[in-house]
Amino acid sequence: MVDHFPYRVVSGAECVTLVWRPGVGDALDEFVVGERGGLLVFADRDALQEYGDRKGWSLGWEDEGAIDLDVVRGWVERPGSERGAASGGLLLDAWHFVEDLARGVGAGPLRFARGPVADRAWEKAYGEEPWTREEAAAVRALLREGLALWERAMDAPRNPAP
């Protein structure tokens, strides 16, 4: 049974692979951190597969996720812009990504993740419905917070596979 999934992240000139683990039972999804609390970051598939084999993980390569945070960042930084290249699907993926990242690194819930406006935006994102300005601002605030968390996580000591 597959219990861990590679997740590629493009940000700036860097493309890394993290390990995503779905929650079991009441546990929530999260990105895996190493023994020192930093994200597990892999530069290539072989290193991740070797590490996963040593840990006894079953890796789900066929369901490998990916996100381009540069596109997300571009949308966040242009408040007047429509979704454009950052489709509702990508922004919803980014929302999931930053929440799973926050849980993985122990940052706690993101401040802008919930509330009536964010909840409406969440529901609309699934249907690709347009957001009001207030809803788009709430999503931008959430993703801005998540992108800052990503930057801190990548600046912190990482746990590359030995």
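Residue numbers here run from 1 along each chain, matching the order of that chain's written sequence. Per-residue local features are limited, in this predicted model, to residues with pLDDT of at least 70; the limit for side-chain atom pairs, both in listing and counting, is 80 or more; totals at the level of whole chains, interfaces and linings are taken over all residues. With hydrogens and water excluded, all non-hydrogen atoms of the structure serve as input to the side-chain values.

1. A closer look at helix H4 (residues 116-127)
Item 1. Runs of H or I in DSSP of at least four residues are treated as helices and runs of E of at least two as strands, each being numbered from the N terminus. A helix is expected to span 1.5 Å for every residue after the first. When the terminal C-alpha atoms of H4 are compared, their 17 Å separation across twelve residues agrees well with the 16 Å that a helix rising 1.5 Å per residue should span.
Item 2. Throughout this description, buried means an accessible area under 20% of the type-specific maximum (1.4 Å probe, protein chains only), exposed means over 50%, and partly exposed covers the range between. Taken together, the buried positions of H4 are Val117, Ala118, Ala121, Trp122, Lys124 and Ala125.
Item 3. Once H4 ends, the next one or two residues include Glu128, with phi positive near 60°.

2. Focus on the environment of Leu149
Item 1. You can see Leu149 is positioned in helix H5 (residues 133-155).
Item 2. Relative accessible area serves as the criterion here: at 5%, Leu149 is assigned to the buried category.
Item 3. We call two residues in contact when some of their heavy atoms are within 4.5 Å. Ignoring sequence-local partners within four residues, the contact set of Leu149 consists of Val98, Leu101, Ala102, Val105, Ala107 and Leu110.

3. Topic: the sheet that holds strand E2 (residues 14-21)
Remark on secondary structure: sheet strands pair via backbone hydrogen bonds, oriented parallel or antiparallel.
Item 1. DSSP calls a pair of strands paired once it identifies at least 2 bridges connecting them. Read across the open sheet, the four strands follow the order E3-E2-E1-E4; overall the sheet is mixed. Across the chains shown, the open sheet's two edge strands, defined by having one partner strand only, are strand E3 (30-31) and strand E4 (65-68).
Item 2. As paired strands, E2 and E3 are joined by two bridges and run antiparallel to one another. Bridge pairing links Trp20 to Phe31 in E3.

4. Let's talk about the pairing of E4
Item 1. The alternating pattern of E4 places Gly65 and Ile67 on a buried face, while none of Ala66 and Asp68, on the opposite face, is buried.
Item 2. With four bridges connecting them, strand E1 (residues 5-11) and E4 associate as parallel partners. For Arg8, the partnering residue across the bridge sits in E4 and is Ala66.

5. A word on the nonpolar core
Item 1. Of all hydrophobic cores here, the largest spans 38 residues; its most connected members are Val9, Leu18, Leu39, Ile67, Phe97, Leu143 and Trp150.
Item 2. The set of elements that each furnish at least two residues to this core consists of E1, E2, helix H2 (69-76), helix H3 (88-104), H4 and H5. Residue types Ala, Val, Leu, Ile, Met, Phe, Trp, Tyr and Cys, when buried and joined through side-chain atoms within 4.5 Å, form a set referred to as a nonpolar core.

6. Re the confidence of the model for the protein chain
Item 1. On average, the protein chain scores 85 in pLDDT, and the residues at 70 or more come to 91%.
Item 2. Put simply, H4 is where the protein chain has its lowest mean pLDDT, 82, and E1 is where it has its highest, 93. Scored from 0 to 100, pLDDT reflects the predictor's confidence in each residue.

7. Description of the packing of aromatic side chains
Item 1. Centres within 6.5 Å are what make two rings of Phe, Tyr or Trp a pair, Trp counting through its six-membered ring; a difference in plane orientation under 30 degrees is then read as stacked, over 60 as edge-to-face, and the rest as tilted. Applying the stated criterion across every chain, the model contains nine aromatic pairs.
Item 2. With centroids separated by 5.6 Å and ring planes inclined at 70°, the aromatic side chains of Tyr51 and Trp57 adopt a geometry described as edge-to-face. Judged on exposure class, the residue Tyr51 and its partner Trp57 are both buried.
Item 3. What links up through ring pairs into an aromatic cluster is the set Tyr7, Phe31, Phe97 and Trp150.
Item 4. Over a ring means this: the NZ of a Lys or the CZ of an Arg is within 6 Å of the ring centre and within 35 degrees of the ring normal. In this structure, Arg45 is placed above the aromatic ring of Trp61, and the distance from its NZ or CZ to the ring centre is 4.0 Å.
Item 5. The ring of Trp75 carries Arg140 above its face, with NZ or CZ at 3.8 Å from the centroid.

8. Focus: the packing of H2 against H5
Item 1. Note on geometry: axes are lines fitted to C-alpha atoms, helical ones only across the stretch in contact, with angles between N-to-C directions running from 0 to 180 degrees. Packing of H2 against H5 brings their axes to within 9 Å, and their N-to-C directions diverge by 135°. Regarding the angle of H2 to H5, the classification is oblique. In the crossing of H2 with H5, the sense of the turn from one axis to the other is left-handed. Facing H2, whose interface residues are Leu69, Val72, Arg73, Trp75 and Val76, H5 presents Ala136, Val139, Arg140, Leu143, Arg144, Leu147, Trp150 and Glu151.
Item 2. Residue polarity is assigned by list, with Asp, Glu, Lys and Arg as charged and Ala, Val, Leu, Ile, Met, Phe, Trp, Tyr, Cys and Pro as nonpolar; anything else, Gly included, falls into the polar class. Classifying every residue of the contact of H2 with H5 by side-chain character gives nine nonpolar, no polar and four charged. If an angle is under 35 degrees, it is roughly parallel; if it is over 145, roughly antiparallel; if it lies from 65 to 115, roughly perpendicular; otherwise it is oblique. It is the rotation of the near helix from the far one that decides the hand of a crossing: anticlockwise by less than a right angle makes it left-handed, clockwise makes it right-handed.

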